[in-house]
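Now for the letters of each chain:
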Amino acid sequence: MTDAIVVMKDVEKEYLQGETIVPALRGLDLTIYPGEFTAIAGPSGSGKSTALNLIGALDTPSKGQVLVEGQDLSTLSQAALSELRLRRIGFIFQAYNLIPVLTAYENAEFVMMLQGIPEKERRDTVMNILKEVGLEAMADRRPAQLSGGQQQRVAIARAVAANPALVLADEPTANLDSKTAEALLDLMLEMNEKHNTTFIFSTHDQKVMDRARRLVHLQDGTITEDSLRKAVA
């Protein structure tokens, strides 16, 4: 079997709220393989966003190991973690997190620019991606001139333009109407199939769960279900 892209071994995460220790994850074991389209689902407080933050090296576990492409994140320096996030991981957030003074093109280009990719290569890649997400004609518009669904399309373009091995999507449909959410999920599924990019979602949206090929359900920081399934067409 292909080497795993993500491995979580006996991962625990605790937060301090006032003087109370609150467990977010309790001994989580999870393995993700390249090309998966996986939804980590569960109610608010189940630990799904915490799991994504740990995989994305945005947070550190209280106990256990998180490995991405075979690298134990706890052994990496801050500089190495930043490099991993920059070059191997794409992020999609529910609040879009676009830079308001930049155009759709400039937002989609931003990660590639940080990577030092030459301008012509950036332009060719970004325009192709914007075409894929249906925003080629809106490349010069700033976020305030775009609808929520269009802004999330830019966020998807930014996440995949730099060809990451892994895309982490934290509640990406939370602020979208049903029709727009379904269109964007279908777009991400198409990109997964076309580029073999691994997608991991945190969600409580049934539409995301319906399209996932693997569903991992969390409850109170532990896995209660882990099933392979056929995505809804």
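Counting from 1, residues in each chain are numbered in the order their sequence is written. Predicted model: local features are reported for residues with pLDDT of at least 70 only, side-chain atom pairs are reported and counted for 80 or more only, and whole-chain, interface and lining totals are derived from all residues. In computing side-chain properties, one takes all heavy atoms of the structure into account and sets aside hydrogens as well as water.

### A closer look at helix H5 (residues 148–161)
- Secondary structure elements are defined from DSSP: runs of H or I of at least 4 residues count as helices, runs of E of at least 2 residues count as strands, and each element is numbered from the N terminus. In a helix, the anticipated span is given by 1.5 Å times the number of residues less one. In a regular helix each residue adds 1.5 Å, so 14 residues correspond to 20 Å; H5 covers 20 Å between its end C-alpha atoms and thus fits that length.
- Partly exposed residues are those whose accessible area sits between 20% and 50% of the maximum for their type, while under 20% is buried and over 50% is exposed, using a 1.4 Å probe and protein chains only. Burial within H5 is extensive, with eleven of its 14 residues counted as buried.
- Of the positions making up H5, those classed as buried are Gly 149, Gln 151, Gln 152, Val 154, Ala 155, Ile 156, Ala 157, Arg 158, Ala 159, Val 160 and Ala 161.
- Once H5 finishes, Asn 163 follows within two positions and takes phi at roughly 55°, a positive value.

### Regarding the environment of Leu 228
- One can find Leu 228 in strand E10 (residues 222–228).
- When the C-alpha atoms of Leu 228 and Gly 148 are compared, they prove to be 31 Å apart, with 80 residues separating the residues in sequence.
- The contact criterion used throughout is that any non-hydrogen atoms of two residues lie within 4.5 Å. Those residues in contact with Leu 228 that sit more than four places away from it in its chain are Arg 213 and Arg 214.

### With respect to the environment of Glu 136
- Its place among the elements puts Glu 136 in the loop between helix H4 (119–132) and H5.
- The class for Glu 136 is partly exposed, based on a relative accessible area of 40%.
- The spatial distance from the C-alpha of Glu 136 to the C-alpha of Asn 175 is 23 Å, given a sequence separation of 39 residues.

### Regarding the packing of aromatic side chains
- Stacked, tilted and edge-to-face are the three classes assigned to paired rings of Phe, Tyr and Trp, where Trp is represented by its six-membered ring and a pair needs centres within 6.5 Å; plane angles under 30 degrees give stacked, over 60 edge-to-face, the rest tilted. For the structure on display, the rule yields four aromatic pairs.
- Plain terms: the ring middles of Phe 37 and Phe 199 are 5.5 Å apart, the flat faces sit at 55° to each other, and that makes the pair tilted. Linking Phe 37 in strand E3 (residues 37–41) with Phe 199 in strand E8 (residues 198–203), this pair joins segments that are 162 residues apart in sequence. Exposure class is identical for Phe 37 and Phe 199. Each is buried.
- With a centroid separation of 6.0 Å and 15° between ring planes, the pair formed by Phe 199 and Phe 201 is classed as stacked.
- Put simply, the rings of Phe 37, Phe 199 and Phe 201 pair up and form one aromatic cluster.
- Whether a charge lies above a ring is judged from NZ of Lys or CZ of Arg, which has to be within 6 Å of the ring centre and within 35 degrees of the ring normal. Stacked on the ring of Tyr 105, the Lys or Arg Arg 123 has its end atom at 5.2 Å from the ring centre.

### What to know about the sheet that holds E8
- The pairing criterion for strands is at least two bridges between them, as found by DSSP. If you walk across this open sheet you meet the six strands as E6-E7-E8-E3-E9-E10, and the pairing is mixed. The strands lining the two open edges of the sheet, one partner per strand, are strand E6 (89–93) and E10. Ignoring strand direction, the axes of neighbouring strands in this sheet form an average angle of 15°.
- In this analysis, axes come from line fits to C-alpha atoms, helices being fitted only over the stretch in contact, and the angle between any two N-to-C directions falls in the range 0 to 180 degrees. Across the sheet, helix H1 (residues 48–55) touches E3, E6, strand E7 (166–170), E8 and strand E9 (214–219), and the angle it forms with E8 is around 145°.

### Describing the pattern of salt bridges
- Salt bridges, as used here, are contacts in which a Lys or Arg side-chain nitrogen is within 4 Å of a carboxyl oxygen on Asp or Glu. Per the stated rule, a full pass over the model turns up 14 salt bridges.
- With its nearest N and O atoms 3.5 Å apart, the salt bridge here joins Lys 63 to Asp 10. Highlighted residues: Lys 63 in strand E4 (residues 63–68) and Asp 10 in strand E1 (residues 6–17), separated in sequence by 53 residues.
- Residue classification places Asp 10 among the partly exposed positions, given a relative accessible area of 33%.
- A salt bridge links Glu 69 to Arg 88, with the shortest nitrogen-to-oxygen separation between them at 2.6 Å.

### What to know about the packing of H4 against H5
- Orientation of H4 relative to H5, taken along the N-to-C sense of each, is 135°, at an axis distance of 10 Å. When the interaxial angle is binned, H4 and H5 end up oblique. The two elements H4 and H5 meet at a crossing, and its hand is right-handed. Together, Thr 125, Ile 129 and Leu 130 of H4 and Ala 157, Val 160 and Ala 161 of H5 make up the contact between the two elements.
- For this classification, the nonpolar set comprises Ala, Val, Leu, Ile, Met, Phe, Trp, Tyr, Cys and Pro, the charged set comprises Asp, Glu, Lys and Arg, and every other residue, Gly included, is treated as polar. Residues belonging to the contact of H4 with H5 are distributed by class as follows: five nonpolar, one polar and no charged. The cut-offs work like this: below 35 degrees is roughly parallel, past 145 is roughly antiparallel, 65 to 115 is roughly perpendicular, and the gaps in between are oblique. Crossings are classed by handedness, with left-handed meaning an anticlockwise turn of the near helix from the far one by less than a right angle and right-handed meaning a clockwise turn.

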